[in-house]
Amino acid sequence: MSVMEPILEEHPQLICVRDAVMSTFAMFLGAAPAYTGILQADESREQIVSILSLVGERTWSLMLHLPRATAEALALKFAGFEIPFDSADMGDVAGELMNVVAGSVTAHLEAAGIKAEMGLPTVVSGSDLRLPLPEGLNRVQMGFHSDDGPFSMAVTEGDARHVARRSES
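A. Here's a closer look at the packing of aromatic side chains. Enumeration according to the criterion identifies five aromatic pairs in this entry. Through pairs of rings, three or more aromatic residues link up here, namely Phe25, Phe28, Tyr35, Phe78, Phe144 and Phe151.

Next comes the structure, spelled out in structure tokens:
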């Protein structure tokens, strides 16, 4: 267990996200991916990132990071046919996969008494992606590993009232 691992136990919403990712991927992979712990962001590799906001008492964003090889392998299993990484269809798969994961996250949150509504996914891809955070938001990136390769889910979170006040200034 890493030094940062207690973060997960202190924040039930992060446990909801971890469990939702594992159960969602288990549905189409046939087995849950292994949770590998809290990671440092790795923006240098070629990847596709699907981003979706959750809005409620707090403002959240989920960011599903799929390295190229993992994305291609997961797309085959999720869609049922090969999808080239550089195609528009890969963006559709990444966005739809995020929708499914986010639906599971909101169900897990609801069960924990935390209300959140889903937005629409945005997808970006490339190497050396920099996704800077506005002031006042925190980020935790959880790593996972499946037989098809590694991937991660980043959760950014902040107080919606704080973000609203910042946008009014």
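B. Representation of the environment of alanine 75 within the structure. Mapped onto the elements, alanine 75 comes out in helix α3 (residues 68–79). In this structure alanine 75 comes out as buried when scored by relative accessible area, which is 0%. Along the backbone, alanine 75 and aspartate 92 are 17 residues apart, and their C-alpha atoms lie at a distance of 9.9 Å. Ignoring sequence-local partners within four residues, the contact set of alanine 75 consists of Gly80, Phe81, Ile83, Met90 and Val93.

C. Here's a closer look at the side chain of serine 152. Of note, serine 152 is situated in strand β7 (residues 149–159). A polar side-chain atom of serine 152 sits 2.6 Å from a polar atom in the side chain of glutamine 141. When neighbours within four sequence positions are excluded, serine 152 is seen to be in contact with Leu39, Met63, Leu64, His65, Gln141, Met142, Gly143 and Phe144.

D. Representation of helix α2 (residues 12–29) within the structure. Its 18 residues place the ends of α2 25 Å apart at the C-alpha level, agreeing with the 26 Å of an ideal helix rising 1.5 Å per residue. All of the buried residues in α2 are Gln13, Leu14, Cys16, Val17, Arg18, Ala20, Val21, Thr24, Phe25, Phe28 and Leu29. Directly after α2, the chain includes glycine 30, whose backbone phi takes a positive value near 90 degrees.

E. A look at the pattern of salt bridges. Evaluated as defined, the whole model comprises six salt bridges. Note that arginine 68 and glutamate 46 form a salt bridge whose closest N and O atoms lie 2.9 Å from each other. Here glutamate 46 lies in the loop between β1 (34–39) and β2 (47–56) and arginine 68 lies in helix α3, a separation of 22 residues in the sequence. Overall, glutamate 46 belongs to the partly exposed group, its relative accessible area being 31%. Among the charged side chains, a network of salt bridges with common partners joins Glu46, Arg68, Glu72 and Asp86.

Cut-off values and rules
- Residues numbered from 1 in each chain as written.
- Predicted model: local features only at pLDDT ≥ 70, side-chain atom pairs only at ≥ 80, totals over all residues.
- Heavy atoms only, no water.
- Phe/Tyr/Trp six-rings, centres within 6.5 Å; stacked < 30°, edge-to-face > 60°.
- Helix = DSSP H or I, 4+ residues; strand = E, 2+ residues; numbered from the N terminus.
- Buried < 20%, exposed > 50% of the residue type's maximum accessible area, 1.4 Å probe, protein only.
- Contact = heavy atoms within 4.5 Å.
- Polar contact = N/O pair within 3.5 Å; in protein donor to acceptor, adjacent residues only side chain to side chain.
- Expected span 1.5 Å × (residues − 1).
- Salt bridge = Lys/Arg side-chain N within 4 Å of Asp/Glu carboxyl O.

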